[in-house]
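Per-entry structural report
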Amino acid sequence: MTTQTGLEKDCVLIFDTTLRDGEQCPGATMTFEEKLEVAELLDTMRVDVIEAGFPVNGVEDFRAVQEIATRTKYSIVCGLARATEKDIDAAGAAIKAAPRGRIHTFIATSPMHMREKLGKSPQDVLERIIWSVNRARNLIDDVEWSCEDGTQSEFDFLCTCIEEAIKAGATTINVPDTLGYTHPSEYYSLIKRLRESVPNADKARFSVHCHDDLGMAVANSLAGVLGGARQIECTINGIGERAGNAALEEIVMAIRTRSDSFPYHTGIDTTMLTRASKLVSNVTSFPVQYNKAIVGRNAFAHASGIHQAGMLKNKRMYEIMTPVSVGAPESKLFMGKHSGRHAFEHKLSELGYRHLGSNQIEDAWGRYKALADRKKTVQDEDIEALVDEEIARAHERIKVLSLIVVAGTMGPQSATLTLDIDGEHRTEQATGNGPVDAIFAAIKKLVPHEAVLELYQVAAVTEGTDAQAEVHIRLRGESRSFSAVGHDLDTLVATAKAYIGALCKLLARAQKEIRPTDPSSK
Ligand code: KIV
Ligand code: ZN
């Protein structure tokens, strides 16, 4: 029998119920294959117990628990059962093939649940507990018993129920906060008092199972452990009934990061937490909130100039754990309008721009600030685009100064374009079959040439409606082709820039092929 004596005291078992309490919440249903995939990952991550489902719930649930039981190598595979013959036998049959299996049987013990849901007296419930645990023990040695709505049950009655469940053979006693109603100091006292008051408490492992209705599931679970529990029931990303369960990744990292206050260990490979979060989010289609602790996409992202400067000196200044420890990519200096010059220069060098002179950096910084004011997020690709354009500009003879386009259903579409050509400002208007054609026509008026458009491709550099447009253009000259890329928040401006970029290359490198002629001389 599992006891809480000796060295075991320091070990907290992680009981994952993503596939049961998690899966039963609205919208989180998983297919058979998805359940197997999640279970395999949990097993590899070394979760101690996988609650694989509720076998009596239907053929599909039974089949999933049975298959997980067959495939799982390290974890205990557990099936849930109410205190009925049908449930317990189904759970026993489903987990039979597991190298290590468990039946988890439960019944409500709070006055309201017993009276209004079960229609049973406390004495009836007590008898049912003894009967159900006995029945499960006849099928398997590892039996967990839960008192549903335990935190709202009468203390003396709860003590009697637990004592009888242990006598009947329960090896784990789980005390759920089914409604997410308790708070840390109350739950700590409850678990502590139960362990002190139940005469045979030392014969079983106590377990906590907290729901997050008041946002305290993780804190309550940890308080329960301080009170003497040595198993925590939780789910990946905290999914579960209503507001969900305690989040596994938060529990595990809290224990690891604050070992000074929680001197326990779990067997979890924490470097798999990010992967697990992504998988569960993908299969359930439940997005992970950006600022979610441990696994949110911003969990290791730093935005303010002050924080970024601190991070560049010493990451410990603004991070209590490393991204590597949870399997996340390196900390991210989130480039936006709050970023400082220091972070910008660091980002440039990270992107490989180590050769830039101070004037080039200064110019790029000015352009960056202007872009960051207009755009929520400035991505690495945006910065590359800014700098590359900056470098390219040094060789440019022609620059786009302004562009006004008339587009829409009422043709003809027109473009009024002003270019700086060798320091001289010239403006032309042209019409065309659509705005892009009009822009090309205006360029041709300003810089007459014979080059042929070979490629015109538009892409968003980054995601979102505020993305920078990236336009690729390839122009064919007499003997060869020249390509250029234009970036701008406006696709048509990016188009003009790309065309002019390719044209400049043509003019610069193949002057013999095409010479710009002064339109005024025509
Ligand atoms: O929240 C709860 O009470 C449960 C039990 C079945 C353990 O999920
Ligand atoms: Zn629950």
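Use the structure listed above.
Notes on the structure in this doc start here. (Residues numbered from 1 in each chain as written. Chains lettered and ligands numbered in written order. Predicted model: local features only at pLDDT ≥ 70, side-chain atom pairs only at ≥ 80, totals over all residues. Heavy atoms only, no water.)

Comments concerning the site of ligand 1
The cut-off we apply is this: The near set for a molecule or strand comprises every residue that places at least one heavy atom within 4 Å of it. Definition of a polar contact: a pair of N or O atoms within 3.5 Å, with one able to donate and the other able to accept a hydrogen when the atoms are protein atoms, and with sequence-neighbouring residues admitted only if both atoms are side-chain atoms. Each accessible area value is a Shrake-Rupley result obtained with a 1.4 Å probe; residue values ignore everything except the protein chains displayed when judging cover. Only runs of H or I of at least four residues qualify as helices and only runs of E of at least two qualify as strands under DSSP, and these elements are numbered from the N terminus. Under this grouping Gly is polar, as are all residues other than the nonpolar Ala, Val, Leu, Ile, Met, Phe, Trp, Tyr, Cys and Pro and the charged Asp, Glu, Lys and Arg.
In the vicinity of ligand 1, the residues found are Arg20, Asp21, His104, Phe106, Ser146, Glu148, Asn174, Pro176, Thr178, His209 and His211. For ligand 1, an oxygen atom lies 3.1 Å from a polar atom in the side chain of aspartate 21. Threonine 178 places a side-chain nitrogen or oxygen 2.7 Å from an oxygen atom of ligand 1. The fraction of the free accessible surface of ligand 1 (260 Å²) that becomes covered by protein chains is 93%. Every element with two or more residues in the shell around ligand 1 is listed here: helix H1 (18-22), strand E4 (101-108), strand E5 (143-148) and strand E6 (172-177). For the shell around ligand 1, the residue count by class is 2 nonpolar, 6 polar and 3 charged.

Overview of the pairing of E6
The following threshold applies: Note on classification: 1.4 Å probe, protein chains only; a residue is buried when its accessible area is under 20% of the maximum for its type, exposed when over 50%, partly exposed between these limits. The pairing criterion is simple: DSSP has to find at least two bridges between the two strands. Assignment of crossover handedness uses the view with strands pointing away from the viewer, where a clockwise path from the first strand over the helix to the second indicates a right-handed crossover.
Most of E6 sits inside the fold, with 6 of its 6 residues counted as buried. Alternating positions in E6 separate into two faces, Thr172, Asn174 and Pro176 on one and Ile173, Val175 and Asp177 on the other, with burial throughout. Bridge count for E5 against E6 is 3 bridges, and the pairing is parallel. Its bridge partner lying in E6, tryptophan 145 is registered against isoleucine 173. Tracing the backbone out of E5, into helix H7 (residues 155-168) and back to the parallel element E6 gives a crossover that is right-handed. Pairing analysis gives 6 bridges linking E6 to strand E7 (residues 205-210), with the strands arranged parallel. Residue pairing for E7: asparagine 174 is matched across the bridge by serine 207. Handedness of the crossover joining E6 and E7 through helix H8 (residues 184-197) is recorded here as right-handed.

Let's talk about the nonpolar core
Burial of nonpolar side chains together is a common tendency in soluble globular proteins. Short version of the rule: Definition of nonpolar core: a set of buried residues of the types Ala, Val, Leu, Ile, Met, Phe, Trp, Tyr and Cys, connected through side-chain atoms within 4.5 Å. Bear in mind that the domain bounds are from an automatic or database domain assignment.
Core analysis: the largest hydrophobic core is formed by 92 residues, its most contacted members being Met45, Trp145 and Ile173. Mapping this core onto the domain boundaries places at least three of its residues in each of domain 1 (11-284) and domain 2 (305-392).

Some points on a nonpolar patch on the surface
Rules: The patches reported here contain residues having more than 30% relative accessible area and no salt bridge. Joining distances are 9 Å for like charges and 5 Å for nonpolar side chains (Val, Leu, Ile, Met, Phe, Trp, Tyr). In what follows, salt bridge is the name for a side-chain nitrogen of Lys or Arg lying within 4 Å of a carboxyl oxygen of Asp or Glu.
A contiguous nonpolar surface patch, about 320 Å² in accessible area, is contributed by Ile306, Met317 and Tyr318. Positionally, methionine 317 belongs in the loop between helix H12 (305-313) and strand E10 (332-333). Since its relative accessible area comes to 46%, methionine 317 is described here as partly exposed.

A look at the sheet that holds strand E1 (residues 13-16)
For clarity, the cut-off: Axes here mean lines fitted to C-alpha atoms, for a helix over just the part in contact, with angles spanning 0 to 180 degrees between N-to-C directions.
Judged by pairing direction, the barrel is parallel, and its 8 strands sit side by side in the order E1-E2-E3-E4-E5-E6-E7-E8 before closing back on the first. The mean inter-strand angle of the sheet, taken between neighbouring strand axes irrespective of direction, is 25°. Of the pairings in the sheet, the one linking E1 to strand E2 (residues 49-53) comprises 2 bridges and is parallel in character. Paired with phenylalanine 15 across the bridge in E2 is valine 49.

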